Structures are given as structure tokens and as C-alpha cells.
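# Remarks on the overall topology
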Amino acid sequence: MSIRSRILAAGVELLRTQGIAMLTQPRIAKAAGVSQSHLTYYFPTRNRLLLAIAETAVEQVVDGLSVATAGGGPNDLAQQLGELLPRQAPVRVLLGLIVAADSEPELRDALSGLIGRVRARFAELLGARGFHVTSDQLLVVHAALVGLAVMNLARQSDASLDEVHRGVAEVLRLVAAHDGGRNAG
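Residues numbered from 1 in each chain as written. Predicted model: local features only at pLDDT ≥ 70, side-chain atom pairs only at ≥ 80, totals over all residues. Heavy atoms only, no water.

### Some words on the packing of helix H1 (residues 3-18) against helix H2 (residues 25-32)
Condition: Every angle, taken between N-to-C directions, lies between 0 and 180 degrees, and every axis is a line fitted to C-alpha atoms, over only the stretch in contact when it is a helix. Numbering goes from the N terminus for both helices and strands, where a helix is a DSSP run of H or I of at least four residues and a strand is a run of E of at least two. Small angles under 35 degrees read as roughly parallel and large ones over 145 as roughly antiparallel, with 65 to 115 read as roughly perpendicular and the rest as oblique. Rotating anticlockwise by less than a right angle from the far helix to the near helix defines a left-handed crossing, while the corresponding clockwise rotation defines a right-handed one. Any two residues having at least one pair of non-hydrogen atoms within 4.5 Å are treated as being in contact. Note that Gly is not counted as nonpolar here; it falls among the polar residues with everything else outside the nonpolar set of Ala, Val, Leu, Ile, Met, Phe, Trp, Tyr, Cys and Pro and the charged set of Asp, Glu, Lys and Arg.
Where H1 meets H2, the closest approach of the two axes is 8 Å, and the angle between their N-to-C directions is 115°. Relative to H2, the element H1 lies roughly perpendicular. For H1 against H2, the interelement crossing comes out right-handed. Contacts between H1 and H2 involve Arg-6, Ile-7, Ala-10, Gly-11 and Leu-14 on the former and, on the latter, Arg-27, Ile-28, Ala-31 and Ala-32. Here the residues of the contact of H1 with H2 sort into six nonpolar, one polar and two charged.

Printed below as a string of C-alpha cells:
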């Protein structure tokens, strides 16, 4: 495993097990078994490191979703999304990066790229599950899913988890209904 990969794996693991407060450069370097100078060579600022960790965490979620729902239909996808969206780590990091972009504007381009990549992967995932979505529908689906994840993070309750499940199912139902029922299944 490359040094960069070790750093990102350690960062994602710390994020998942200990939260964003533990994502300091010294802790990540120690967890990755590298010197701090190696870490700062690959990620010169904490925000760049957090962005790479967020990208890795989001990619792992999407990859997990792809594997978990392979061969499944819309109902399987809704169930898996309902389970994955409440994972708070990627949402926390992304919200932190959005705020950090106010003082570090070049993060906006990187976040824009991440949003585009996530949306493209999600389009592939929906297409593989029989959904035929336009770019505008994909925009609304993505916005709804992000909104559900953020609202759940804010409240962290059984009621908000229930809303995530109901909201995901309803978003996918609406996309299927708009497609003339081809996606109903």
C-alpha cells in the first residue's frame, strides 16, 4: 500500500471510530505509521487532508452500495441507501469543508469536483438498477439524499432515521413514477 493510501486509510478509520475531532495531522500520521513530514508532503494543509479523507470515505460508501445492491432492484437500493445515509462521518467532514471553503476558496473547486464525481457514480448506480434519470432528476435525487443525511446528523434520533428511510423510498418512488412506471419494481 502506498504512503498516500496508508494515510487516507488511517484517516478514514479515525474518522469512523473517533470522529472528526480526532482528525489531526499528528494523529493521522501516527495511525498511518508515517512521519508528519510525509503526511504534509502529500497533504500540505489540514483541509486538503480532510478533503482527501472525505473523498475516500464517500467513495467507500458508494462502492459498498454498489456491491450491496448488485443485481437488486429499486427496493433493495432504497433499503441500502436508508442504511448508508445516516453514517455521519462523511457528512460531518463535508460540512466542515464547506465552511472551510469560506477562508480557503480553492476548496470550492475541489468540492465541486467531488460533487460531480459522486453524482456521476450515483447516476451509474441508478442506471444499473433500472432507473432512467435525467440530469435534472439526478440533481434533485442527490440534493434530497444530502438533505436527508444533514437533517439526520442535526437531530440524530430514531425519528430522523425513520425520515431517512421514508424519504429515500419516496424519492426513488417519485423517480420511478416520473419514468412512466419503468422503474417501479
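### Focus: the nonpolar core
What counts here: What we call a nonpolar core is a set of buried Ala, Val, Leu, Ile, Met, Phe, Trp, Tyr and Cys residues that are connected through their side-chain atoms within 4.5 Å. Here's how the labels work: a residue is buried when its accessible area is under 20% of the maximum for its type, exposed when over 50%, partly exposed in between, all with a 1.4 Å probe on protein chains only.
Formed by 31 residues in total, the largest nonpolar core has its most connected members in Ile-7, Leu-23, Ile-28, Ile-53 and Leu-97. Elements with a minimum of two residues in this core: H1, H2, helix H4 (46-68), helix H6 (88-100) and helix H7 (106-128). It is H4 that provides the largest number of residues to this core, a total of nine residues. In this structure Ile-28 touches Ile-7, Ala-10, Gly-11, Leu-14, Leu-23, Leu-39, Leu-49 and Ile-53, once residues within four positions along its chain are discounted. Of all hydrophobic cores here, the second largest spans 23 residues; its members include Leu-77, Leu-84, Val-91 and Val-168.

### Some words on the side chain of Asn-152
For the record, the criterion: N or O atoms closer than or at 3.5 Å make up a polar contact, with two conditions inside protein: a donor-capable atom paired with an acceptor-capable one, and, for residues adjacent in sequence, both atoms drawn from side chains.
In this fold, Asn-152 is placed in helix H8 (residues 135-155). Within the structure, the side chain of Asn-152 is placed 2.7 Å from the side chain of Ser-160, a separation counted as a polar contact. Excluding residues that lie within four positions of it along the chain, Asn-152 makes contacts with Pro-86, Ser-157, Ser-160, Leu-161 and Val-164.

### Things to note about the side chain of Thr-56
For Thr-56, the location among the structural elements is in helix H4. With residues near it in sequence (within four places) discarded, Thr-56 still touches Leu-8 and Val-12.

### Re the packing of H7 against H8
Interaxial distance between H7 and H8 falls to 10 Å at its minimum, and their mutual angle equals 110°. Classified by the angle between their axes, H7 and H8 sit roughly perpendicular to one another. Across the interface between the two elements, Ile-115, Val-118, Arg-119, Phe-122, Ala-123 and Leu-126 from H7 touch Leu-138, Leu-139, Val-141, His-142 and Leu-145 from H8.

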